[in-house]
Amino acid sequence: MALTDFDLVLFGGGGDLSMRKLIPAMYARDRAGDLPPTAQIICIGRQSWTDAEFVTALNENARPHINEKVFAQASWDTFCARVRYVSLDATDATTYQPLNDVLRNDAALTRVFYLATPPTLFAQICHNLSERGLATENSRVVLEKPLGRDLASAKQINLEVGQVFKESQIFRIDHYLGKEAVQNLLALRFGNVLFEPLWRREWISDVQITIAEEIGVGNRMGYYETSGALRDMMQNHLLQLLCIVAMEPPLSVTPDAVRDEKLKVLRSLKPFTATALAKNIVRGQYRAGHVEGKAVPAYRQEKNADPDSNTETFVAVKAEIDTWRWAGVPFYLRTGKRMADQLAEIVVRFKAIPHSIFAQSTSSFQPNCLVIRLQPDDGLQLNLMAKTPGDGMRLKPVELELDFAETFKAPRMDAYERLLLDVLRGQLTLFMRSDELEAAWEWVEPVLRHWEQEGNEPLPYASGTWGPAAASALIGRDGLQWREEALPE
Ligand SMILES: NC(=O)C1=CN([C@@H]2O[C@H](COP(=O)(O)OP(=O)(O)OC[C@H]3O[C@@H](n4cnc5c(N)ncnc54)[C@H](OP(=O)(O)O)[C@@H]3O)[C@@H](O)[C@H]2O)C=CC1
Ligand SMILES: O=C1O[C@H](COP(=O)(O)O)[C@@H](O)[C@H](O)[C@H]1O
């Protein structure tokens, strides 16, 4: 579907997210021919730059993040010519005139305000846009995550943004929902009959969702210290993945049909009791170690770090969903920085066979397992038992592997490319509704309060490992192992 001409305003246009993700994504769509010739990208910050100086910054900071296979100098020059830079203080409406001057006043245009700034500015920016008459009927606003830092602040942001924009104009982004493998999970679940009868407590033993990163906090210490892994990854990305795995079939892929189902999952998450707070959560922080053979410092020794920081860089949780479909099926979620590998995957483990008709005992049968791999490459793996060739009847675990890049050989689209196109088309399905967001905060809120009250110093783990030993114990208590622990050496 062709895009209507637009003005895209990137608040925080010179920041880390814009340079690493948003600008490269817009460039890729421009290079693919998706952007109307007169579309503008207006980047905002307090720093005083001319358009030409900002293009120099783009060359230094955004250009290195563009895939070399996509890059061409001529199209990059054309793209840079669309980009304007406007210096203003987003908290001060009296400084907004230069933005009024570059925005085109045409009701037929789409106007998008993308707030890639700290979330503490979201409400203020929306009020200022309204005061300056810029939040028009044809406008949309994109809010980055994490939206707020707890339930109360998230509600306040929703309330204030809602005073300026209608819910249908608000795009709360979670870039994990734009990843190809997540879309493919929807296709797998609702485009095939094979899994649906098995996708329930009778046949599934447990689900593991892991987002492990090798990188540390990099230059984002200022932000990360106020956040930590629970707010940065668990409250949003991991819970959204859990929703896609656990939701009932939606009536259609229309925004509210999908979001209604995700909301039901979030509302069915078993609230943390005092015992669960003590037993079902592991909080960790990385120490010095080696990642990919390179020595890396402890979190507390990173640039701009507080040497006494208690911010968690790892969190693992055992969650349960109180519904007929999922009662009794544990969902183990974990995420961490500076871990052994860069890996994002969902592992659905099926129950063991009830009885062996072969000479082998049932315990020598590996339960079937479906792995949906999001990163580093997206793909699917199904573990089955098969007979080894030759005489006798000996069964062995085998893998059916589907590599999406290999199978489709089609150009890949980054999550931000897909989601930015959806914003420009007004397609809300992959964005969170206010009630969903609040339900997710409601579930993590007791954990935040518990950590505040208990002081709760995070457990140390060496960089380049899979997190604190307590994370293995968390799942081990149920007689299970994280997938990498169960794999043969
Ligand atoms: N970086 C990432 O990987 C990810 C970031 N996010 C979210 O994106 C948002 C931005 O993060 P990130 O890019 O890392 O942050 P940065 O600190 O790198 O960038 C924030 C930008 O906001 C601008 N800014 C801050 N205050 C004002 C103000 N008063 N007026 C105008 N501009 C202002 C700054 O520009 P200047 O200094 O010139 O004013 C800066 O460029 C956050 O909500 C974060 O949680 C989400 C997912 C991943
Ligand atoms: O939202 C965030 O996500 C990134 C990880 O995203 P990925 O697509 O690279 O897996 C994480 O590094 C960052 O801390 C967090 O804010």
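Treat the numbers as computed from the prediction; the structure is a model and nothing was measured.

Enquirer: Please explain the overall build of the protein chain as it appears in this structure.
Expert: For the protein chain, the count of helices and strands is 16 helices and 17 strands. Relative to the globule expectation of 23 Å for 489 residues, the C-alpha radius of gyration of the protein chain, 24 Å, shows essentially globular dimensions. Projected onto the principal axes, the alpha-carbon positions of the protein chain cover approximately 80 × 50 × 45 Å. A total of 489 residues make up the protein chain; the buried ones form 42% of that total. Contacts in the protein chain between residues far apart in sequence, at least 24 positions, make up 78% of those at least 6 positions apart.

Enquirer: Help me out: how do you make sense of the domain arrangement of the protein chain in this one?
Expert: It is common to give the size of an interface as the accessible area that goes away when the parts come together. Each assigned domain of the protein chain is listed here: domain 1 (6–144) and domain 2 (177–413 + 424–486). Summarising the inter-unit geometry, the C-alpha centres of domain 1 and domain 2 are found 33 Å apart. The partner domain 2 presents four residues to the five residues of domain 1 that form the contact. Across the side of domain 1 that touches domain 2, the residue classes break down as two nonpolar, one polar and two charged.

Enquirer: Would you explain the site of ligand 2 in this entry?
Expert: For ligand 2, the full set of nearby residues is His-175, Glu-213, Asp-232, Ala-344 and Gln-375. Taken together, the residues of the shell around ligand 2 sort by class into one nonpolar, two polar and two charged.

Enquirer: I keep staring at the nonpolar core and nothing clicks. Help me out?
Expert: The nonpolar side chains of soluble globular proteins are, as a tendency, buried together. Counting residues in each nonpolar core, the largest one holds 134 residues, and the members touching the most others are Leu-10, Tyr-114 and Leu-242. Looking at this core element by element, the count peaks at twelve residues for helix α9 (residues 228–246). Split by domain, the residues of this core number at least three in each of domain 1 (6–144) and domain 2 (177–413 + 424–486). Other than its neighbours up to four places away in sequence, Leu-10 contacts Ser-18, Leu-22, Ile-41, Ile-42, Cys-43, Ile-44, Tyr-114 and Ala-116.

Enquirer: I would appreciate a short explanation of the pairing of strand β1 (residues 6–11) in the present structure.
Expert: In the case of a regular strand, side chains alternate between the two sheet surfaces. With respect to burial, β1 is a largely interior element, six of its six residues being buried. Along β1, one buried face is formed by Phe-6, Leu-8 and Leu-10 and the opposite face, lined by Asp-7, Val-9 and Phe-11, is buried too. Bridge analysis of β1 against strand β4 (residues 110–115) gives six bridges, and the strand direction is parallel. Within β4, the position partnered with Leu-8 by the bridge is Val-112. The parallel pair β1 and strand β2 (residues 40–45) is bridged by helix α1 (residues 16–31), and the resulting crossover is right-handed.

Enquirer: What's the story with the sheet that holds strand β15 (residues 379–387) in this structure? I'm lost.
Expert: Adjacent strands of a sheet form backbone hydrogen bonds with each other and so pair up, either parallel or antiparallel. Strand order in the open sheet formed by nine strands is β16-β15-β14-β13-β7-β12-β11-β8-β17, and the pairing between neighbours is mixed. For this open sheet the edge positions go to β16 (395–403) and β17 (459–462), each flanked by a neighbour on one side alone. Geometrically, the sheet is characterised by an average inter-axis angle of 20° between neighbouring strands, direction not taken into account. In terms of strand pairing, strand β13 (residues 343–350) meets strand β14 (residues 369–375) through six bridges, oriented antiparallel. The partner of Val-347 across the bridge, within β14, is Val-371.

Enquirer: Sorry if this is basic, but what is going on with the site of ligand 1 here?
Expert: Neighbouring ligand 1 are 21 residues; Gly-12, Gly-15, Gly-45, Arg-46 and Ala-90 lie closest to it. Those elements giving two or more residues to the shell around ligand 1 turn out to be α1 and β2. Classifying every residue of the shell around ligand 1 by side-chain character gives eight nonpolar, seven polar and six charged.

Enquirer: Looking at this structure, I do not really get the UniProt feature "active site" (unreviewed entry) in the protein chain. What am I missing?
Expert: Mapped onto this structure's residue numbering, the UniProt feature "active site" (unreviewed entry) falls at His-237. With respect to the helices and strands, His-237 occurs in helix α9. Not counting the four nearest positions on each side in its chain, His-237 is found in contact with Asp-174, Tyr-176 and Ile-211.

Enquirer: Even after reading the chapter, I still don't get unusual backbone geometry, so can you show me in this structure?
Expert: Note: most residues except glycine have negative phi, and most peptide bonds are trans. Between Lys-145 and the following residue, Pro-146, the backbone shows a cis peptide bond with an omega angle of -5°. Tracing the chain through its elements places Pro-146 in the loop between β5 (139–143) and α6 (151–164). In this chain, Gln-375 is followed by Pro-376 through a cis amide linkage whose omega measures 0°. Structurally, the position occupied by Pro-376 is in the loop between β14 and β15. One non-glycine residue with positive phi stands out, namely Arg-338, at about 55°.

Enquirer: Explain the UniProt feature "domain: Glucose-6-phosphate dehydrogenase C-terminal" (unreviewed entry) in the protein chain to me, please; I cannot follow it from the model alone.
Expert: The feature "domain: Glucose-6-phosphate dehydrogenase C-terminal" (unreviewed entry), as given by UniProt, occupies residues 186–483 in the numbering adopted here. Taken as a whole, residues 186–483 contains 32% helix and 24% strand, while its terminal C-alpha atoms sit 22 Å from one another.

Enquirer: Mind showing me how you'd approach the packing of α6 against helix α14 (residues 434–454) here?
Expert: Two packed helices can be described by the angle between their axes and the distance between those axes. α14 packs onto α6 with a crossing angle of 165° between their chain directions and a minimal axis gap of 9 Å. Comparing their axes, α14 and α6 come out roughly antiparallel. In this structure, α6 meets α14 at a crossing whose hand is left-handed. Within the contact between the two elements, α6 uses Leu-151, Ala-154, Lys-155 and Asn-158 and α14 uses Ser-434, Leu-437, Glu-438, Trp-441, Glu-442 and Glu-445. A class-by-class count of the residues in the contact of α6 with α14 yields four nonpolar, two polar and four charged.

Enquirer: How should I be thinking about the sheet that holds β5 in this particular structure?
Expert: Ordered by their spatial adjacency, six strands build an open sheet running β3-β2-β1-β4-β5-β6, and the pairing between neighbours is parallel. What marks the edges here is a single partner per strand, and that holds for β3 (83–87) and β6 (170–172). On average, adjacent strands in this sheet sit at an angle of 20° to one another, irrespective of strand direction. Of the strand pairs in this sheet, β5 and β6 are connected by three bridges, and their pairing is parallel. Paired with Val-142 across the two strands is Phe-171, which belongs to β6. Against the sheet, helix α5 (residues 122–131) contacts β1, β4 and β5, and its axis sits at roughly 150° relative to β4.

Cut-offs applied
Just so you know, the residues in each chain are numbered from 1, in the order the chain's sequence is written. Here every chain gets a letter starting at A, and every ligand a number starting at 1, in the order they are written. For a predicted model such as this one, the threshold for reporting local features is a pLDDT of at least 70, and the threshold for listing and counting side-chain atom pairs is 80 or more; totals across whole chains, interfaces and linings nevertheless cover every residue. Every helix listed is a DSSP run of H or I at least four residues long, and every strand listed is a run of E at least two residues long, numbered separately from the N terminus. Our radius of gyration is a C-alpha quantity, and the globule rule it is checked against amounts to 2.2 Å times the number of residues to the power 0.38. Here a residue counts as buried when 20 or more other C-beta atoms sit within 10 Å of its C-beta, as exposed when there are 12 or fewer, and as partly exposed otherwise, the C-beta atoms being derived from the backbone. Two residues form a contact once the distance between their C-beta atoms, set from the backbone, is within 7 Å. Where each domain begins and ends follows an automated or database-derived domain assignment. Basically, the charged four are Asp, Glu, Lys and Arg, the nonpolar ten are Ala, Val, Leu, Ile, Met, Phe, Trp, Tyr, Cys and Pro, and anything else, Gly included, counts as polar. Placing the C-beta atom from the backbone, one calls a residue near a molecule or strand if that atom lies within 6 Å of it. To define a nonpolar core, we join buried Ala, Val, Leu, Ile, Met, Phe, Trp, Tyr and Cys residues through C-beta atoms within 7 Å and take the resulting set. Criterion used throughout: strands pair if DSSP finds at least two bridges between them. Note on handedness: a clockwise path from strand one over the helix to strand two, with the strands aimed away from the viewer, defines a right-handed crossover. Axes here refer to lines fitted to C-alpha atoms; in helices the fit is confined to the stretch in contact. Angles between the N-to-C directions go from 0 to 180 degrees. UniProt positions are given in the numbering used here, feature names are shortened, and annotations may be inferred rather than shown by experiment. An angle below 35 degrees is read as roughly parallel, one above 145 as roughly antiparallel, one from 65 to 115 as roughly perpendicular, and any other as oblique. For any pair of crossing helices, the crossing counts as left-handed if the nearer helix is rotated counterclockwise from the farther one by less than a right angle, and right-handed if it is rotated clockwise.

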